Amino acid sequence: MQTAIAKPRPKIDNVNRGFWDNARAQKFSVQKCAACADVHFPGSPVCPRCLSENQSWVEISGRGTLLSWARFHRAYWVSFRADLPYLVCLVGLEEGPLLVSNLVGVESEDIIIGADVDAVFEKVDDELTLPKFRISG
Ligand SMILES: [Zn+2]
């Protein structure tokens, strides 16, 4: 009998815990600085713009623009082999930050750079929900 190998999990710490708590509640959030109103992702112990430590995770639209994408045919982690091929995307959020995620629910031949995308949430288990993106509409 073969033992299943778990996928790597995000390391949840005091900086990013708000993001993962919100994701579990199906809310997409970015870190916002109370001092200068900068919004950024990923989270940082201090604001990358003004170095304030006074920050919080705020829910945003989860909408963005597809800036780039790639179709992965090789499993860099053995635990992802069953998912091949899968799509990885670069999203420019409406609120400004960029992030890398998975693009789901679409075939490669239907993908257009610049398409509107929005966040969807994939529950892994009771502790972890992963935000991913789909083409809007
Ligand atoms: Zn700031």
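Everything numeric here is computed off the predicted structure, so don't read it as measured data. (Residues numbered from 1 in each chain as written. Predicted model: local features only at pLDDT ≥ 70, side-chain atom pairs only at ≥ 80, totals over all residues. Heavy atoms only, no water.)

### Observations regarding the packing of aromatic side chains
Inspection of every chain in the model, using the stated rule, returns 10 aromatic pairs. Centre to centre, the rings of F28 and F41 are 6.5 Å apart; their planes meet at 35 degrees, and the pair counts as tilted. With F28 in the loop between α1 (17-24) and β1 (29-33) and F41 in the loop between β2 (39-40) and β3 (55-59), this pair connects stretches of sequence that are 13 residues apart. What makes F41 partly exposed here is its relative accessible area of 22%. Each residue in the set F19, W20, F28, F41, W57 and F133 is aromatic and connected to the rest through ring pairs, giving one cluster. Above the plane of the ring of F80 lies K7, whose end atom (NZ or CZ) is 4.8 Å from the centre. (Phe/Tyr/Trp six-rings, centres within 6.5 Å; stacked < 30°, edge-to-face > 60°. Helix = DSSP H or I, 4+ residues; strand = E, 2+ residues; numbered from the N terminus. Buried < 20%, exposed > 50% of the residue type's maximum accessible area, 1.4 Å probe, protein only. Lys NZ or Arg CZ within 6 Å of the ring centre and 35° of its normal.)

### With respect to the domain arrangement of the protein
The domain boundaries assigned to the protein delineate domain 1 (11-60) and domain 2 (61-137). Here the C-alpha centroids of domain 1 and domain 2 sit 20 Å apart. Taken residue by residue, the interface counts 12 residues in domain 1 and 16 residues in domain 2. With both chains or domains summed, domain 1 and domain 2 bury close to 1,200 Å², and 75% of this area falls on carbon and sulfur atoms. The largest contributions to the domain 1 side of the interface with domain 2 come from R24, F28 and I60, which together make up 46% of the buried area. If you look at where domain 1 meets domain 2, you find 0 salt bridges. If you look at where domain 1 meets domain 2, you find 2 residue pairs in polar contact (both at pLDDT 80 or more). For the side of domain 1 that touches domain 2, the per-class residue count stands at 8 nonpolar, 2 polar and 2 charged. (Domains from an automatic or database assignment. Contact = heavy atoms within 4.5 Å. Buried area = accessible area lost by both parts, 1.4 Å probe. Salt bridge = Lys/Arg side-chain N within 4 Å of Asp/Glu carboxyl O. Polar contact = N/O pair within 3.5 Å; in protein donor to acceptor, adjacent residues only side chain to side chain. Nonpolar A, V, L, I, M, F, W, Y, C, P; charged D, E, K, R; others polar.)

### A word on the environment of A23
Tracing the backbone through its elements, the reader meets A23 in helix α1. Here A23 falls in the buried class, since its relative accessible area comes to 0%. Residues in contact with A23, not counting those within four places in the same chain, are F121, T129 and P131.

### Some remarks on the sheet that holds β1
Strand-to-strand pairing in sheets goes through backbone hydrogen bonds, with the strands running parallel or antiparallel. Reading across the sheet, the 3 strands line up as β2-β1-β3 and stay open at both edges, with antiparallel pairing between neighbours. Two strands in the sheet have a free side with no partner beyond their single neighbour: β2 and β3. Two strands pair when backbone bridges link them, and β1 and β3 are joined in this way by 5 bridges, in the antiparallel orientation. The partner of K32 across the bridge, within β3, is S56. (Pairing = 2+ DSSP bridges.)

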